Amino acid sequence: MKTIQILPSLEVGGVERGVIDLARAVKARGDEMVVISSGGALVAQLHKMGVAHYALPVHKKSLGSLALVGRIAEIIQRERADVVHARSRVPAWLALMACWKTQVPLVTTCHGYYSNHFLSRVMGWGKRVIVISRAVGRHMIDDFGVSPERIRLIHRGIDLTQFQYKPGKYGEPKKTLRIVNVGRLSPIKGQNEFLKAVHLLRRDLPHVEAWIVGSEGKGKQRYTEKLQKTIQHLGLSSCVKMLGTRQDIPELLAQADLLVLSTLIPEAFGRVIVEAGAVGTAVVATRVGGILDVIDHGENGLLVQPGDVPGLSAAMLDLLKDREKSRVFGERLRAKTEAFFTLDQMADKTLSVYHEVKKEKKILVIKLGAMGDLILAVPSLRMLRERYPEARLSLLVDKKIASVASACPYLDEVIPVDRARLSHLPFLLKLAKKFRRDGYDISVDFQNSKWTHLFAFLAGIPQRYGFRRGKMGFLLNRAERYAQVPEPPVQNQYRILKRLGVQKFSDKLELWSDPRSQKNIEERLAAAGAKKRVGFVMGSSPKWPTKRWPAASFRALADKLRDELDCQIFLIGASSEAAEAEKFAAEAGEGVFNWAGKTSPRELVAAVKAMDAVVTGDTAPLHIAAAVNTPVVAFFGPTDSRRHMPPAEQATVLSRRLPCQPCYKGKCRNPETLACLARISAQEVFEAVRHHLEKVPSLSA
């Protein structure tokens, strides 16, 4: 496993020290790590460990930094990295775009409470989002909309070998008691309130010394000057030392009798508290954020409300005077540190995340079309599952037919959506936001509309496959062009799948009916009697009246099937065809059963499966019949059977091949209205049906 860590700099700081510690632990496990940063004092430690470092100005908050994306992508490819791990916002944006180019998964770690701003949202776009405390995790879920399933809690860990634990330190008498406050100098860190608390403390405990460790950063002095004025104003010059930035934190903590963390806002974690636990030093901290993951009030430390100067002073007095309590708290905090906050644990959990994202793929197949289109997509779902057996495979499908796909064994998830609303931009944006949150890696667009192209792009799916269509086709970054010559539907889809590495082709259709639907249909058929059953699909989509074989032809066919072959006729179709079917059944008389609009989608599957033969145009029951291996006679008029006829073992295709075919029009423009279908005779269809029925055993046998 080889990872790239990318962060703003490697100056002294909690994040930076964490990367150094992780590099040491990863290397000890035999894995590899590369670091990209703008450089800093800690680079020497990387070189000493033999860890490669690339110095790039990834800390600069400017549009000019986008020029670094290509360079970062080159590093990813040269180092053959398996995972890229970003630890700050600007590096995360650059890493995200480089990962899009190289198709390497991105992991982010949220080291703080980010403002709810668009530029901060990138920290929630990693394939996995590591949070360093429960409080940060809740912030990313509630305020950034990150899916809980993508969040991994990994507390900061420290190398205990770098800290000297002295369990007997509180048994030694001391004339001067030392308090240390560690952190970046900032008003939000509460150093000014800490000084006021020390001033109150000296009334009861005059022999104390306070160390303030940290600095504002390069070029900043305003808050430092304010603290110096507070020290002078409160008369603390003799007992307060401002030590600036230090690299000997373990030694300072070991020398101190008490660590005080006085932050006023939620602390993401509070690494220095764990470091205090490593050396067995007692802690007083404010009751905010990730501190609560470490300190259990009254068990291994004391907590006070942020900004409560008297309360902070009282807590410090309590532990400084009661050295036995400090000893017990120090021991318990050391035990908790050993149990939950070690470098080994952090490294093991982080490497586990790397292996997880390297192994996992989330694939979204988009097929919002009618039932027939969905059935034709099943072989592609099976081929994808065989190619990616461990991937999470989801299907985005029209809610009207989602139940048909729910039994598909190749899917982990069926996601129903209102297809009609996809063209409404507010709905599309809301849907895309949800899918961005879920973090899909690949989209396979079998719908190939401008709206599905736009949806996949807005959902932030890195690899977007499909056939380029219309003005939005450029949004597919793994686009395939339409075939110049007609080809079977599954074969057509396979052209996309080959780009995903699918090598074994199979066009076998499958479909599943649930036991309840099967039972309902069997009960209806039992009431009809035991004769050979032929299904008639007289209708079509309302947009395709040109697909309908004339009703008079169906009437003639029904008469011949009843009179010559003693068949029962079952009218199958949607509720929109119920009135026409009812009229047909009434006029046709005995032996014709009207089921149009009277079956659910899954009952329709069971009904077609129960037929001995089905007569249909280019519509959904044709595909159902092919999938459940029911003999079918299909006629094609405005559409091309070479493109739309599903693979079927028992099928007869009838088409006249007139000069105007295929027209793909919903309205016939031929002077001889619907000649393409009207010229298919009832006798011709009858002979085809009889051919199939001859192979069917008698129901009365």
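Whatever comes next refers back to the structure up there.
Below: a short report on this structure. Just so it is clear, the structure is predicted and the values come from calculations on it, not from any experiment. (Residues numbered from 1 in each chain as written. Predicted model: local features only at pLDDT ≥ 70, side-chain atom pairs only at ≥ 80, totals over all residues. Heavy atoms only, no water.)

### Overview of the overall build of the protein chain
Helix and strand counts for the protein chain come out as 25 helices and 25 strands. For 701 residues, the compact-globule formula gives about 27 Å, and the C-alpha radius of gyration of the protein chain, at 36 Å, lies well above that figure. Considered along the principal axes of its C-alpha atoms, the protein chain spans approximately 115 × 50 × 45 Å. Across the 701 residues in the protein chain, those meeting the buried criterion constitute 56%. A sequence separation of at least 24 residues applies to 65% of the contacts in the protein chain between residues at least 6 apart. Within the protein chain, one finds 105 positive and 71 negative side-chain charges whose respective centroids are separated by 6 Å. (Helix = DSSP H or I, 4+ residues; strand = E, 2+ residues; numbered from the N terminus. Rg over C-alpha atoms; globule rule 2.2 N^0.38 Å. Buried < 20%, exposed > 50% of the residue type's maximum accessible area, 1.4 Å probe, protein only. Contact = heavy atoms within 4.5 Å. Lys, Arg positive; Asp, Glu negative; His and termini not counted. Charge placed at Lys NZ, Arg CZ, Asp CG, Glu CD.)

### Observations regarding the environment of Leu-42
With respect to the element layout, Leu-42 can be found in the loop between strand S2 (32-37) and helix H2 (43-49). If sequence neighbours within four positions are ignored, Leu-42 has contacts with Leu-10, Glu-11, Val-12, Glu-16, Arg-17 and Ile-20.

### Quick word on unusual backbone geometry
Put simply, Gln-661 and Pro-662 share a cis peptide bond, and its omega is -15 degrees. Considering the arrangement of structural elements, one finds Pro-662 in the loop between strand S25 (651-654) and helix H24 (675-678). Here Asn-629, not a glycine, exhibits a phi torsion of approximately 65 degrees, which is positive.

### Here we look at the packing of helix H18 (residues 515-528) against helix H21 (residues 601-610)
Closest axis-to-axis distance for the H18/H21 pair is 8 Å, and the angle between their directions is 50 degrees. By the criterion of interaxial angle, the relationship of H18 to H21 is oblique. Handedness of the crossing formed by H18 with H21: right-handed. Together, Ser-517, Gln-518, Asn-520, Ile-521, Arg-524 and Leu-525 of H18 and Arg-602, Glu-603, Ala-606, Ala-607 and Ala-610 of H21 make up the contact between the two elements. (Axes fitted to C-alpha atoms, helices over the stretch in contact; angles between N-to-C directions. Parallel < 35°, antiparallel > 145°, perpendicular 65-115°, else oblique. Left-handed = near helix turned anticlockwise from the far one by under 90°.)

### Comments concerning the packing of aromatic side chains
Applying the stated criterion across every chain yields a total of 15 aromatic pairs. Taken together, the ring pairs connect Phe-536, Trp-549, Phe-554 and Phe-635 into an aromatic cluster. One Lys or Arg, Lys-362, reaches over the ring of Tyr-440 and ends 4.7 Å from the middle of that ring. The cationic tip of Arg-555 hangs over the ring face of Phe-584; the distance from NZ or CZ to the ring centre is 5.3 Å. (Phe/Tyr/Trp six-rings, centres within 6.5 Å; stacked < 30°, edge-to-face > 60°. Lys NZ or Arg CZ within 6 Å of the ring centre and 35° of its normal.)

### Here's the deal with empty space enclosed by the protein
By the definition in use, this model includes six cavities of 30 Å³ or more. In this model, the largest cavity occupies a volume close to 120 Å³. Along its surface, the largest cavity is lined by 14 residues, and Arg-87, His-111, Arg-156, Met-346 and Thr-350 are the ones closest to its centre. Secondary-structure elements contributing two or more residues to the lining of the largest cavity are helix H1 (14-28) and helix H12 (343-359). A class-by-class count of the residues in the lining of the largest cavity yields six nonpolar, six polar and two charged. (1 Å grid on protein atoms, 1.4 Å probe; cavity = no way out; pocket = protein on both sides within 12 Å on 5 of 7 lines; lining within 4 Å. Points joined across faces, edges and corners; volume = space filled by probe spheres on them. Nonpolar A, V, L, I, M, F, W, Y, C, P; charged D, E, K, R; others polar.)

### Points about the nonpolar core
In this structure, Ile-36, Ile-72, Ile-76, Val-84, Met-140, Leu-259 and Ile-273 are the most contacted members of the largest nonpolar core, which totals 69 residues. Looking at this core, the element that brings in the most residues is helix H4 (residues 89-102), giving eight residues. Contact partners of Ile-273, with chain neighbours within four places excluded, come to Leu-259, Leu-261, Val-283, Ala-285, Ile-291, Val-294, Ile-295 and Leu-333. Counting 60 residues, the second largest nonpolar core, distinct from the first, contains Leu-509, Phe-570, Val-614 and Met-645. (Core = buried A, V, L, I, M, F, W, Y, C linked by side-chain atoms within 4.5 Å.)

### Observations concerning the sheet that holds strand S19 (residues 478-480)
Pairing is parallel in the open sheet, where six strands are placed in the order S16-S15-S14-S17-S18-S19. Whereas interior strands pair on both sides, the edge strands pair on one side only; in this sheet they are strand S16 (413-417) and S19. Pairwise comparison of adjacent strand axes, ignoring direction, gives a mean angle of 15 degrees for this sheet. Of the pairings in the sheet, the one linking strand S14 (residues 362-366) to strand S17 (residues 442-445) comprises four bridges and is parallel in character. Note that in S17 the partner of Ile-366 across the bridge is Asp-445. On top of the sheet, helix H16 (residues 450-458) reaches S14, strand S15 (392-398), S17 and strand S18 (463-467); it is set at about 160 degrees to S14, its chief contact. Contacts from helix H17 (residues 489-499) reach S17, S18 and S19, with the element oriented near 155 degrees to S18. (Pairing = 2+ DSSP bridges.)

### Notes on H4
Here H4 spans 20 Å end to end across 14 residues, near enough to the 20 Å set by a 1.5 Å rise per residue. Most of H4 sits out of view: ten of its 14 residues are buried. Every buried residue belonging to H4 is among Val-90, Pro-91, Ala-92, Trp-93, Leu-94, Ala-95, Leu-96, Ala-98, Cys-99 and Thr-102, and all of these are buried. Its buried side turned inward, H4 meets strand S1 (2-6), helix H3 (68-79), strand S4 (83-86) and strand S5 (106-110). Looking one or two residues past H4, Gln-103 carries a phi angle of roughly 60 degrees, positive in sign. (Expected span 1.5 Å × (residues − 1).)

### Some details on the packing of helix H13 (residues 371-387) against H17
Close contact between H13 and H17 brings their axes to 9 Å; oriented N to C, the two are set at 35 degrees. For the pair H13 and H17, the crossing hand works out as right-handed. Contacts between H13 and H17 involve Leu-376, Ala-377, Pro-379, Ser-380, Met-383 and Leu-384 from the former and Pro-489, Val-490, Gln-493, Tyr-494 and Leu-497 from the latter. Split by residue class, the contact of H13 with H17 holds nine nonpolar, two polar and no charged.

### Here we look at helix H5 (residues 134-144)
Of all the residues in H5, the buried ones are Val-136, Gly-137, His-139, Met-140, Ile-141 and Phe-144. Of the surrounding secondary structure, the elements contacted by the buried residues of H5 are S5, strand S6 (128-131), strand S7 (151-153) and helix H15 (425-438). Phi turns positive, to about 70 degrees, at Gly-145, one or two residues after H5.

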